[in-house]
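In case you want the letters, here they are:
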Amino acid sequence: MSHPSGASPVHALADAAPTPFWLDDPLRPEALPALVGDETCDLLVVGGGYSGLWTALIAKERDPQRDVVLIEGAEVGWAASGRNGGFCAASLTHGLGNGLARWPGELPRLEELGMRNLDAIEDTLARYGIDCAFERTGEIDIATEPHQIAELQETAEAAARLGLDRHLFLDQDQLRAEVDSPIFRAGLWDRDGVAMLHPARLVWGLKEACLGLGVRIYERTRATALASEGLGMAVRTPYGRVFARHVALGTNAFPSLVRRVRPYVVPVYDHALMTEPLSAEQLAALGWKNRQGLSDSNNHFHYFRLTADHRILWGGYDIVYRYGGGVRAEYDHHPATYEKLARHFFHCFPQLDGVRFTHAWGGAIDTCARFSAFFGTAHAGRVAYAVGYTGLGVGATRFGAEVMLDLLAGEHTERTELEMVRSKPLPFPPEPLRWAGIGLTQWSMTRADTHGGRRNLWLRAMDRLGLGFDS
């Protein structure tokens, strides 16, 4: 992909701040004090991202008398919840295609639960007055290669068979009337199943809602150990302990306190750029009046959307895995990926030649082999976890919070009866097989993207085993 004219992608990145755009916000709240000493509670939530905050909030909504404590190792929302693209999807299965491949029999129910979950998120924002620039504009999956057109048509037909009338297939002219790019060939628009939002302001709003209901939140309080203590649990922190009847783990990409969960998840790094605000003329050159979220249909895909102040977030493509699966601050930035993303941006939107990027950042995603969350309990049902959202956790974490609370209560609900909830993905192999397998998968995915979507023997074997790798 060559740059058409004008400033180079490197020049466009020259002044980009190496920090997440969403967190570079004057509304960012001060961190709350750390826990010093011992605490007791009914429910301890570990992790201050979407997963933990939804769990704490819903726990108090279900039972206002429940004593709830949440601890966060750094600041609420500093990790994936404050760094993502702000696509809040109804899908609980990482898209319709993945759901059809894995749970075809219960997919209509999963779709219904997912839409109810998205509706509940929208209701929560209104109820607590959370202003996170929520726009239920939907998302268009885009074909940029000929073979992808047929794939989108097949997905549209599958959606129609399931009675999902919110999906609309767009031919090239219809798509380019929505958003204009010379590389767009066709699209599938989910018109009501995805919302765009400001991810960090959603986190901060949930934090305030939790505090308002009486949740005690301690930031800069890392959980270092989990153990049974009498009829409950004890979680050790650097300067104290928390004794709780139940514990809900929302640690996602970070190593689980339940060690047997760790082989099922690998942290991978995703990266994004943010442009400067676009002028009225630049916006007019794009069309994009309906402000949908967009993503292309490659294995190594891009996702992109407009912000409230008329910037474009452009992210994805590379999926960076580090040997050993560590989560470290120095892994957040990958200049080679930033340059590649900038080059791809101008290839997609040559009419924006000369636009500059103001922010460039990355962060870890909790990937599992089936691309969607899995659930479970430990310590005789006193500990619950939900993990493995694989980049689609902005909306699905609320559903995962409900599942964790159901499991801790020992209740049989429409959620806990799902095969999706009762089953687990296959674990990833140990190193160095994990590193080698991920590397071969990445190479094979790139080859498929450049060879008409044809999957080689390795990818076909992975498909048969139900294994995958995505972000």
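The structure this text deals with has already been given above.
Residues numbered from 1 in each chain as written. Predicted model: local features only at pLDDT ≥ 70, side-chain atom pairs only at ≥ 80, totals over all residues. Heavy atoms only, no water.

Points about the overall build of the protein chain
Regarding its fold elements, the protein chain presents 13 helices and 18 strands. A compact globule built from 471 residues would reach a C-alpha radius of gyration of about 23 Å, and the protein chain, at 22 Å, matches this within 12%. Overall, the protein chain is about 65 × 45 × 45 Å in size when its C-alpha atoms are taken along their principal axes. When the 471 residues of the protein chain are sorted by exposure, 56% land in the buried category. Restricting to contacts in the protein chain with at least 6 residues of sequence separation, those with at least 24 account for 77%. Carbon and sulfur atoms make up 53% of the accessible area of the protein chain, which amounts to about 18800 Å² in all. With 47 positive and 57 negative side-chain charges, the protein chain shows a separation of 6 Å between the mean positions of the two kinds. (Helix = DSSP H or I, 4+ residues; strand = E, 2+ residues; numbered from the N terminus. Rg over C-alpha atoms; globule rule 2.2 N^0.38 Å. Buried < 20%, exposed > 50% of the residue type's maximum accessible area, 1.4 Å probe, protein only. Contact = heavy atoms within 4.5 Å. Areas by Shrake-Rupley, 256 points an atom, 1.4 Å probe, with all protein chains shown as cover. Lys, Arg positive; Asp, Glu negative; His and termini not counted. Charge placed at Lys NZ, Arg CZ, Asp CG, Glu CD.)

Describing helix H7 (residues 199–212)
Its 14 residues give H7 an end-to-end C-alpha distance of 20 Å, which sits within 8% of 20 Å, the value for a rise of 1.5 Å per residue. Buried within H7 we find Pro199, Ala200, Leu202, Val203, Trp204, Gly205, Leu206, Lys207, Ala209 and Cys210. As for H7, its buried residues are in contact with helix H2 (50–62), helix H4 (107–128), strand E8 (216–218) and helix H10 (393–409). (Expected span 1.5 Å × (residues − 1).)

As for the nonpolar core
Generally speaking, nonpolar side chains in soluble globular proteins are found buried as a group. Among the nonpolar cores identified, the biggest contains 69 residues, and Leu43, Trp54, Leu202, Leu206 and Phe375 are the most heavily contacted of them. Among the elements that make up this core, the one with the highest residue count is H10 (8 residues). Counting 30 residues, the second-largest nonpolar core is a separate cluster that includes Ala12, Ala342, Cys348 and Val355. (Core = buried A, V, L, I, M, F, W, Y, C linked by side-chain atoms within 4.5 Å.)

Concerning the pairing of strand E15 (residues 312–316)
Burial analysis of E15 places 5 of its 5 residues in the buried class, the great majority of the element. Looking at chain direction, strand E14 (residues 302–306) and E15 are connected through 5 bridges and run antiparallel. Each residue of the ladder has a partner; that of Arg305, found in E15, is Leu313. (Pairing = 2+ DSSP bridges.)

Structural notes on the sheet that holds E15
One open sheet holds the 8 strands; their spatial order is E5-E6-E4-E13-E14-E15-E12-E16, and the pairing between them is mixed. In the strand order of this sheet, the two ends are held by strand E5 (167–170) and strand E16 (357–367), each with one partner. Taking the axes of each pair of neighbouring strands and ignoring which way they run, one obtains an average angle of 20 degrees across the sheet. (Axes fitted to C-alpha atoms, helices over the stretch in contact; angles between N-to-C directions.)

Brief notes about the side chain of Ser81
Checked against the element boundaries, Ser81 lands in the loop between strand E2 (68–71) and strand E3 (87–89). With sequence-adjacent residues up to four places away left out, Ser81 is seen in contact with Gly49, Tyr50, Pro199, Ala200 and Val203.

Side note on the packing of H2 against H10
Contact geometry of H2 with H10 gives a least axis separation of 8 Å together with a crossing angle of 50 degrees. When the interaxial angle is binned, H2 and H10 end up oblique. Considering how the two elements wind past one another, H2 and H10 form a crossing that is right-handed. Taken together, the residues of H10 that come into contact with H2 (itself represented by Tyr50, Ser51, Trp54, Thr55, Ile58, Ala59 and Arg62) are Gly393, Val394, Thr397, Arg398, Ala401, Glu402, Met404, Leu405 and Asp406. Considering only residue class, the contact of H2 with H10 consists of 8 nonpolar, 4 polar and 4 charged. (Parallel < 35°, antiparallel > 145°, perpendicular 65-115°, else oblique. Left-handed = near helix turned anticlockwise from the far one by under 90°. Nonpolar A, V, L, I, M, F, W, Y, C, P; charged D, E, K, R; others polar.)

Overview of the packing of aromatic side chains
In this structure the tally under the stated criterion is 21 aromatic pairs. Centroid distance Trp314 to Phe349: 6.3 Å. Interplanar angle 65 degrees. Geometry classified as edge-to-face. Residue Trp314 is found in strand E15, and its partner Phe349 is found in the loop between helix H9 (335–348) and E16; the two are separated by 35 residues along the sequence. Each member of the pair, Trp314 as well as Phe349, carries the same accessibility label: buried. (Phe/Tyr/Trp six-rings, centres within 6.5 Å; stacked < 30°, edge-to-face > 60°.)

Description of unusual backbone geometry
Along the chain, Glu431 connects to Pro432 via a cis peptide bond; the corresponding omega equals 5 degrees. Assignment of secondary structure puts Pro432 in the loop between helix H11 (419–422) and helix H12 (433–450). Backbone geometry places Asn252, a non-glycine residue, at a positive phi of 50 degrees. We note that His379 has phi near 55 degrees; this positive angle belongs to a residue other than glycine.

Things to note about a nonpolar patch on the surface
A cluster of nonpolar side chains, namely Leu440, Trp443 and Trp458, defines an oily patch on the protein surface of about 300 Å² accessible area. Of note, Leu440 is situated in helix H12. (Patch = residues over 30% accessible without salt bridge, like charges linked within 9 Å, V, L, I, M, F, W, Y side chains within 5 Å. Salt bridge = Lys/Arg side-chain N within 4 Å of Asp/Glu carboxyl O.)

Some words on the environment of Val235
Residue placement: Val235 occurs in strand E10 (residues 232–237). In sequence terms Val235 and Arg185 are 50 residues apart; their C-alpha atoms lie 53 Å from each other.

Observations regarding the pattern of salt bridges
Following the criterion strictly, the structure yields 27 salt bridges and no others. For Arg83, the salt bridge identified is with Asp332, shortest N-O distance 3.4 Å. Taken together, the residues span a long stretch of sequence, with Arg83 in the loop between E2 and E3 and Asp332 in the loop between E15 and H9 at a distance of 249 residues. Between Lys207 and Glu219 there is a salt bridge, with the nearest N and O atoms lying 2.7 Å from each other. Here Lys207 is found in helix H7, whereas its partner Glu219 is found in the loop between E8 and strand E9 (225–229), with 12 residues between them in sequence. For the residue pair Lys207 and Glu219, the accessibility class agrees, reading buried in each case. Among the charged side chains, a network of salt bridges with common partners joins Arg62, Arg398, Glu402, Asp406 and Arg415.

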